Amino acid sequence: MAGSGRRPEHRGPPELFYDEAEARKYTQNSRVVEIQSQMSERAVELLGLPEDRPCLLLDVGCGSGLSGDYISEEGHYWIGMDISPAMLDVAVEREVEGDLLLADVGHGIPFRPGMFDGCISISAVQWLCNADKKSHSPPKRLYRFFSTLYTALARGSRAVLQLYPENSEQLELITAQAMRAGFTGGMVVDYPNSAKAKKFFLCLFVGASGTLPKGLGTECADEELQQAKFTNERTRFKNIKGKSVKKSRDWILEKKERRRRQGKEVRADTKYTGRKRRPRF
C-alpha cells in the first residue's frame, strides 16, 4: 500500500485496488519511485536511529518494497507488512532484502514485544479510516493497530507514519487513537504552505516523550527555494558518507554482499556484474 506521492482516491479496499496490473504500473513509474524514496528517506531521518549499529525496522504497508530499498541501503534490516498480495508478489520478484508478511494491520501487529527499533509507513495508515466491510469500525481498527504497534516497538524508539488525511476529522481520529494506545508525539508537517509539497508525518514516541522534530519549509516563505536547498544538502550529505551511486557496479556488489550476509543465495560476481547491456535493434 506504499504511497505514490499523490492523494489516493478511495476506490474500495487496497487489496482490490492494487491488483497485479496496478501493482506493476505503480512500481515501474519513475516519478512514483522518486517520491517514494524521498518520503522514505525523510521518515527514516525522523526516526533518529543510532548511527553506530544496524536496526530492525517494521515497514507498515510496505507495498512492492520501494521504501524497504532505502532502509536496506542505509544498512538496516526490515520486515514489511501489506494487505495486497499483488504488491507483495512484485516485491518478491524484485528480490527485496526484507522479509514480507501478508496481513491486515487493522487486525494488529503480530510480533513479540519490543522486537523493533522503529517503524515507518508511507501512505498507508489513512486506509484504516475506511469501513470496507460492515464489521469494520475505523476507531477500533486504528486502536488495535496502534496498541499492538506500541507493544512491538522497543522502549525509547519511534514510529514515523507518512499519511494523506482526507480532512481534519480524519487527522484527529488517527492521532487520538495513537495517543490512546500510549504513544506521545504529534504531527510534523513539511512545507505547510505548499499545496504540492505538503507532507504529513505522524511522529510517535514509545516511552519517554522526545522533542518533536521541526517540519521542513516552516521557516522559509519561498517553498521552492527551501525544497531545492534540502535536496542539495541531502545529496551532499550522501556524498560525504561515501554511498555508491544507485545501480552502479559498486552499489550492486554492496547489495549482493548484504544478501550473502543474510544467508540468501546470490549469483557469483563476474567481470560482467553491473555492466550495462548494449541496446538491441
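Residues numbered from 1 in each chain as written. Predicted model: local features only at pLDDT ≥ 70, side-chain atom pairs only at ≥ 80, totals over all residues. Heavy atoms only, no water.

1. Overview of the packing of aromatic side chains
Then, in step 1: Tallying each qualifying case throughout the model produces four aromatic pairs.
Then, in step 2: On the basis of an interplanar angle of 90 degrees and a centroid distance of 5.1 Å, the ring pair of Phe-111 and Phe-116 is categorised as edge-to-face.
Then, in step 3: The class of Phe-116 is buried, set by a relative accessible area of 0%.
Then, in step 4: Look at Phe-146 and Phe-183: their rings are 6.2 Å apart centre to centre, the planes differ by 80 degrees, and that puts the pair in the edge-to-face class. Pair noted here: Phe-146 is in helix α6 (residues 138–152) and Phe-183 is in the loop between α7 (168–180) and β6 (184–190), with a separation of 37 residues, a long-range link.
Then, in step 5: Chaining the aromatic ring pairs together yields one cluster made of Phe-145, Phe-146, Tyr-150 and Phe-183.
Then, in step 6: Between Arg-180 and the ring centre of Tyr-143, over which it is positioned, the NZ or CZ distance is 3.9 Å. (Phe/Tyr/Trp six-rings, centres within 6.5 Å; stacked < 30°, edge-to-face > 60°. Buried < 20%, exposed > 50% of the residue type's maximum accessible area, 1.4 Å probe, protein only. Helix = DSSP H or I, 4+ residues; strand = E, 2+ residues; numbered from the N terminus. Lys NZ or Arg CZ within 6 Å of the ring centre and 35° of its normal.)

2. Some details on the nonpolar core
In a soluble, globular protein the nonpolar side chains are often hidden away together inside.
Then, in step 1: Formed by 31 residues in total, the largest nonpolar core has its most connected members in Phe-145, Phe-146, Leu-149, Leu-161 and Phe-183.
Then, in step 2: Considering every element that reaches this core, the biggest residue donor is α6, with six residues.
Then, in step 3: Once residues within four sequence positions are removed from consideration, Phe-146 is found in contact with Val-125, Leu-161, Ile-174, Gln-177, Ala-178, Ala-181, Phe-183, Leu-202 and Leu-204.
Then, in step 4: Counting 24 residues, the second largest nonpolar core, distinct from the first, contains Val-44, Val-160, Cys-203 and Phe-205. (Core = buried A, V, L, I, M, F, W, Y, C linked by side-chain atoms within 4.5 Å. Contact = heavy atoms within 4.5 Å.)

3. Describing the confidence of the model for the chain
Then, in step 1: Overall, the prediction assigns the chain a mean pLDDT of 81, with 74% of residues at 70 or greater.
Then, in step 2: Note that pLDDT drops below 50 for residues 3–11; the model gives that stretch 27 contacts with residues more than four away or on any other chain.
Then, in step 3: Every residue in residues 13–17 is under pLDDT 50, and counting partners more than four places away or in other chains gives 13 contacts. (pLDDT = per-residue confidence, 0-100.)

4. A word on the pairing of strand β1 (residues 56–60)
Then, in step 1: In terms of burial, β1 is largely enclosed, as four of its five residues are buried.
Then, in step 2: In the sheet, β1 pairs with strand β2 (residues 77–82) via five bridges, with the strands oriented parallel. Within the sheet, the bridge partner assigned to Asp-59 lies in β2 and is Gly-80.
Then, in step 3: Taken together, β1, helix α4 (residues 66–73) and β2 form a β-α-β motif whose crossover is right-handed.
Then, in step 4: Direction of pairing for β1 relative to strand β4 (residues 116–122): parallel, over a ladder of four bridges. Residue pairing across strands places Asp-59 opposite Ile-120, the latter belonging to β4. (Pairing = 2+ DSSP bridges. Right-handed = clockwise from strand over helix to strand, strands pointing away.)

5. Remarks on helix α3 (residues 30–47)
Think of an α-helix as turning once every 3.6 residues; residues three or four places apart then point the same way.
Then, in step 1: Over its 18 residues, α3 extends 26 Å from the first C-alpha to the last, a length consistent with the 26 Å expected when each residue adds 1.5 Å.
Then, in step 2: Buried within α3 we find Val-32, Ile-35, Gln-36, Met-39, Ser-40, Glu-41, Arg-42, Ala-43, Val-44, Leu-46 and Leu-47. (Expected span 1.5 Å × (residues − 1).)

6. Concerning unusual backbone geometry
Glycine aside, residues mostly have negative phi angles, and peptide bonds mostly take the trans form.
Then, in step 1: Phi is positive for Glu-95, close to 55 degrees, though the residue is something other than glycine.
Then, in step 2: Turning to its location among the elements, Glu-95 is positioned in the loop between α5 (85–93) and β3 (99–102).
Then, in step 3: Backbone geometry at Tyr-191 places phi at a positive 50 degrees, although glycine is not the residue there.
Then, in step 4: Within the secondary structure, Tyr-191 sits in the loop between β6 and β7 (199–205).

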